[in-house]
Amino acid sequence: MPSAPKSSSDREGVSSLIDTHCHLYMTPLDKDLKAVQARAKARDVAQIIVPAYDQASWDLMAPYEMDPDLHTAYGIHPWLAHEMPEAAQRDEAMAALGVRLDKTSPVALGEIGLDTKIETSGLVEQLPLLEAQLQMAVERGLPVILHCRGAFEEMLKALEPHQGKICGVLHAFSRGPDLGNRFIEAGLHIALGGSITRPTAKRPRKSALRLPLERIVLETDAPSIGLHGVFPAEAEPAHVADVAAALAQIRDRSIGHIANVTTANARELFNLPCE
Ligand SMILES: [Zn+2]
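Residues numbered from 1 in each chain as written. Predicted model: local features only at pLDDT ≥ 70, side-chain atom pairs only at ≥ 80, totals over all residues. Heavy atoms only, no water.

A.B. asks: What should I look at first to understand the coordination of the zinc ion in this one?
C.D. replies: Taken together, His-21 (NE2), His-23 (NE2), Glu-111 (OE) and Asp-221 (OD) make up the full set of protein donors to the zinc ion, lying 2.0 to 2.7 Å away. Assessed through its relative accessible area of 7%, Asp-221 is described here as buried. (Donors = N, O, S within 2.8 Å, 3.2 Å for Na, K, Ca; no water. Buried < 20%, exposed > 50% of the residue type's maximum accessible area, 1.4 Å probe, protein only.)

This is the structure in structure tokens:
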């Protein structure tokens, strides 16, 4: 695996990287945030987006709200859909989300989505929760952070009424470029992560090669997803440098070019400050 540049002085004119999806409040990352951030900075990963996905995780976000290099997002994950099967319960949760978004400075609404691989709820409970949150994101002018497993057609259908008004990212994308391009046509960016570092992962590496670079952002989804040679529990924002290196190798471009384009994409999409 190509190694990251040694120091920022080697990187004149090259943007720092952004991890657009990391759950810093989850163990083991929450044990020593300062060290996690220092290791990220040592590999030129300067900014991190932290998506919270339920009321318990929303309550852990206060320290990240205070740090100019960390950016927050709030949403209700489909894994929580079973807790609100009735419309009145969903309305209550949506009201709480609205209050939370008012009180904080989120860069996105998420993570939200659809997941048919879980047993606690089905699309009957998940779809209305997703639709309400897509609507809220459009009303507030916030990009969305989308989680999708096993329900890509349903997700595209849910996005359809918002065409031209919605933006955001389909995160942890590990499918092929044909599907990726359909989400790009729907207005989204595609977040590539650890899967493209695996030499045998044909589909995501094909996406890394073929999808338009101006619609790609980078992420780790640490500590949920690992990389080639890195267990999920060991993954952290510093590893975005390895995702960038893999993308550079697959596309036969310099890491600097990949950093400049993907960081510009993330800054524009999430309206992030330059460092
Ligand atoms: Zn996530």
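A.B. asks: Just checking my understanding: could you explain helix 8 (residues 202-210) for this structure?
C.D. replies: Given 3.6 residues per turn, any residue in an α-helix points the same way as the ones three and four places further on. All of the buried residues along helix 8 are Pro-204, Arg-205, Ser-207 and Ala-208. Axial view of helix 8: buried residues confined to an arc of 155°, hence all on one face. Facing away from the buried side of helix 8 by more than 90 degrees, the exposed set consists of Lys-202 and Arg-210. Those residues of helix 8 hidden inside the fold are in contact with helix 7 (177-185), strand 7 (188-192), strand 8 (216-218) and helix 9 (240-251). (Helix = DSSP H or I, 4+ residues; strand = E, 2+ residues; numbered from the N terminus. Arc of directions from axis to C-beta. Contact = heavy atoms within 4.5 Å.)

A.B. asks: Sorry if this is basic, but what is going on with the pairing of strand 5 (residues 144-149) here?
C.D. replies: Moving residue by residue along a regular strand, the side chains alternate between the two faces of the sheet. Counting buried positions along strand 5 yields five of six residues, so the element is predominantly enclosed. With five bridges connecting them, strand 4 (residues 108-115) and strand 5 associate as parallel partners. Bridge pairing in strand 5 links Gly-113 to His-147. Taken together, strand 4, helix 5 (residues 123-140) and strand 5 form a β-α-β motif whose crossover is right-handed. Sheet analysis places strand 5 next to strand 6 (residues 168-170), joined by three bridges and oriented parallel. (Pairing = 2+ DSSP bridges. Right-handed = clockwise from strand over helix to strand, strands pointing away.)

A.B. asks: How do you make sense of the sheet that holds strand 1 (residues 17-19) when you look at a structure like this?
C.D. replies: Backbone hydrogen bonds are what pair the strands of a sheet, in a parallel or an antiparallel way. Read across the sheet, eight strands follow the order 1-2-3-4-5-6-7-8 without closing on themselves; strand pairing throughout is parallel. A strand with exactly one partner marks an edge of an open sheet, and here the two such strands are strand 1 and strand 8. Strand-to-strand, the axes of this sheet are offset by a mean angle of 30°, without reference to chain direction. Here helix 6 (residues 152-159) sits on the sheet in contact with strand 4, strand 5, strand 6 and strand 7, set at roughly 150° to strand 5. Packed onto the sheet, helix 10 (residues 255-270) meets strand 1, strand 2 (45-52), strand 4, strand 5, strand 6, strand 7 and strand 8 and runs at close to 95° relative to strand 8. (Axes fitted to C-alpha atoms, helices over the stretch in contact; angles between N-to-C directions.)

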